[in-house]
Amino acid sequence: MISRMNRSQNVNLYQNLQKNYQQLSTGKKINTAADNAAGLAIAQKLLTQSNGYDMGTRNAATSQDMINVAEGSLSTISDSLQRIRELSIQASNTAVYGDDDRAAIQQEIDQLKQSISDAGKNTQFNNKNLLDGSMKSSHVASGPDGSGMDINMPDAVLESLGIADFDVTKDFDISQIDSAIDKVSSARSGLGAAYNRLGHTINYNAYASYNITASRSRLEDLDYGAAVSDMKKNSLLQEYRLMMQKKQEDENGRFIQLLRFNS
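Residues numbered from 1 in each chain as written. Predicted model: local features only at pLDDT ≥ 70, side-chain atom pairs only at ≥ 80, totals over all residues. Heavy atoms only, no water.

Draft legend 1. Local environment of the overall build of the protein chain. Looking only at helices and strands, one finds 6 helices and 4 strands in the protein chain. Mapped in sequence order, the helices and strands of the protein chain form the string α-α-α-β-β-β-β-α-α-α. Classification of the 263 residues of the protein chain by burial places 33% in the buried group. For the protein chain, the share of sequence-separated contacts (at least 6 apart) that also reach a separation of at least 24 residues comes to 74%. Taken as a whole, the protein chain presents about 15,900 Å² of accessible surface, with 50% of it coming from carbon and sulfur. (Helix = DSSP H or I, 4+ residues; strand = E, 2+ residues; numbered from the N terminus. Buried < 20%, exposed > 50% of the residue type's maximum accessible area, 1.4 Å probe, protein only. Contact = heavy atoms within 4.5 Å. Areas by Shrake-Rupley, 256 points an atom, 1.4 Å probe, with all protein chains shown as cover.)

Below, the structure written as structure tokens:
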């Protein structure tokens, strides 16, 4: 009976030591569900949340990059429109410029219009057109559960800006250019607001992920000082039990030899 108890105690000590070694090798208190079933379930939920926030942060940052690409093209379009307006005012000066002069001015305007058309039709991010009207609304999954915000991408092709047929060699209205400039400025303002909102989301996600990760760390991560102390204690107990078990076996052997001698 005593021998079975000793063996059981030795097995328990051995298992505790194995657990100590596993914890020290992984740096975690919870390595299997048996270590802490409730703690493991909570830690996994926290991990799901922090991973969601981290991915939401990456999605938001990538969307900011997309906005930068679109805003850069809109800036180029805005510069071209400003130059077209200057040329239009120049062409309006009929006191100095004649038909031939206005035709020459129109050649430069046509080149600027082509530049605007190229920017509107060919600006892409991840092979998706941004400014041709095909991507009016896009969802940014910036939240930990896939929720987030929608970004409205502008339509900056010549037809949408209302200047496809603008020609200073014919009757023209500079207010068409003014309207186009206003549209582009409004689009840039909207994209800037979306960019800033994404920036706030990134900051919040980073803060939330940090605190959730810290909470999970308190559940899972190992206190190395306490773990080393516990391992040394279990190791000493095992050595002591083995030593006492050997001593007891030696005493039993001598007792048996004494009985045989007396018999």
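Let's pick the thread back up.
Draft legend 2. Examining the pattern of salt bridges more closely. Scanning the entire structure with this criterion turns up 5 salt bridges. Put simply, glutamate 86 and arginine 83 hold a salt bridge, and the shortest N to O gap is 3.1 Å. Here glutamate 86 and its partner arginine 83 are both found in helix 2 (residues 37-91), 3 residues apart, which amounts to about one turn of the helix. Judged by relative accessible area, glutamate 86 falls into the partly exposed class, the value being 48%. (Salt bridge = Lys/Arg side-chain N within 4 Å of Asp/Glu carboxyl O.)

Draft legend 3. Structural context of the packing of helix 2 against helix 3 (residues 99-122). Two elements in contact, helix 2 and helix 3, have axes separated by 10 Å at closest approach and are oriented at 165°. Taken together, the axes of helix 2 and helix 3 lie roughly antiparallel to each other. Crossing hand, helix 2 versus helix 3: left-handed. Packed against helix 2, whose contacting residues are Ile77, Ser80, Leu81, Arg83, Ile84, Leu87, Ser88, Gln90 and Ala91, the element helix 3 presents Arg102, Ile105, Glu108, Ile109, Leu112, Lys113, Ser115, Ile116, Ala119 and Gly120 at the interface. Class assignment of the residues belonging to the contact of helix 2 with helix 3 gives a composition of 10 nonpolar, 5 polar and 4 charged. (Axes fitted to C-alpha atoms, helices over the stretch in contact; angles between N-to-C directions. Parallel < 35°, antiparallel > 145°, perpendicular 65-115°, else oblique. Left-handed = near helix turned anticlockwise from the far one by under 90°. Nonpolar A, V, L, I, M, F, W, Y, C, P; charged D, E, K, R; others polar.)

Draft legend 4. Here's a closer look at the layout of surface pockets. For the largest pocket, the calculated volume is near 220 Å³. Contributing to the lining of the largest pocket are Asn59, Thr62, Ser63, Met66, Phe125, Asn126, Lys128, Leu130, Met135, Ser138, His139 and Val140. Elements that contribute at least two residues to the lining of the largest pocket include exactly helix 2 and strand 3 (137-140). The biggest single contributor to the lining of the largest pocket is helix 2, with 4 residues. (1 Å grid on protein atoms, 1.4 Å probe; cavity = no way out; pocket = protein on both sides within 12 Å on 5 of 7 lines; lining within 4 Å. Points joined across faces, edges and corners; volume = space filled by probe spheres on them.)

Draft legend 5. The arrangement of the nonpolar core in detail. Counting 37 residues, the largest nonpolar core has Leu74, Ile77, Leu81, Ile116, Ile151, Met153 and Ile163 as the members making the most contacts within it. Counting residues per element, this core draws most heavily on helix 2, at 10 residues. Isoleucine 116 has contacts with Ile77, Ser80, Leu81, Ile84, Ala156, Leu158, Leu161 and Ile163, leaving out every residue within four places of it along the chain. (Core = buried A, V, L, I, M, F, W, Y, C linked by side-chain atoms within 4.5 Å.)

Draft legend 6. How the structure looks around the side chain of arginine 102. Topologically, arginine 102 is positioned in helix 3. A relative accessible area of 13% places arginine 102 in the buried class. Filtering out sequence-adjacent residues up to four positions away, arginine 102 remains in contact with Ala91, Thr94, Tyr97, Val168 and Thr169.

Draft legend 7. Spatial organisation of the packing of aromatic side chains. Applying the stated criterion to the full structure yields 2 aromatic pairs. With centroids separated by 6.1 Å and ring planes inclined at 75°, the aromatic side chains of tyrosine 53 and tyrosine 204 adopt a geometry described as edge-to-face. Taken together, the positions of tyrosine 53 in helix 2 and tyrosine 204 in helix 5 (residues 174-220) put the pair 151 residues apart, joining distant regions of the chain. Taking the centre distance of 5.7 Å and the plane angle of 75° together, the rings of phenylalanine 166 and phenylalanine 172 count as edge-to-face. Classification of phenylalanine 166 as buried rests on a relative accessible area of 3%. (Phe/Tyr/Trp six-rings, centres within 6.5 Å; stacked < 30°, edge-to-face > 60°.)

Draft legend 8. Inspection of the environment of serine 115 at higher detail. With respect to the helices, strands and loops of the structure, serine 115 is situated in helix 3. Given the relative accessible area of 30%, serine 115 is considered partly exposed. Considered as a pair, serine 115 and isoleucine 77 are 38 residues apart in the sequence and their alpha carbons are 7.6 Å apart.

Everything listed here is a matter of geometry and, on its own, says nothing about what the molecule does.
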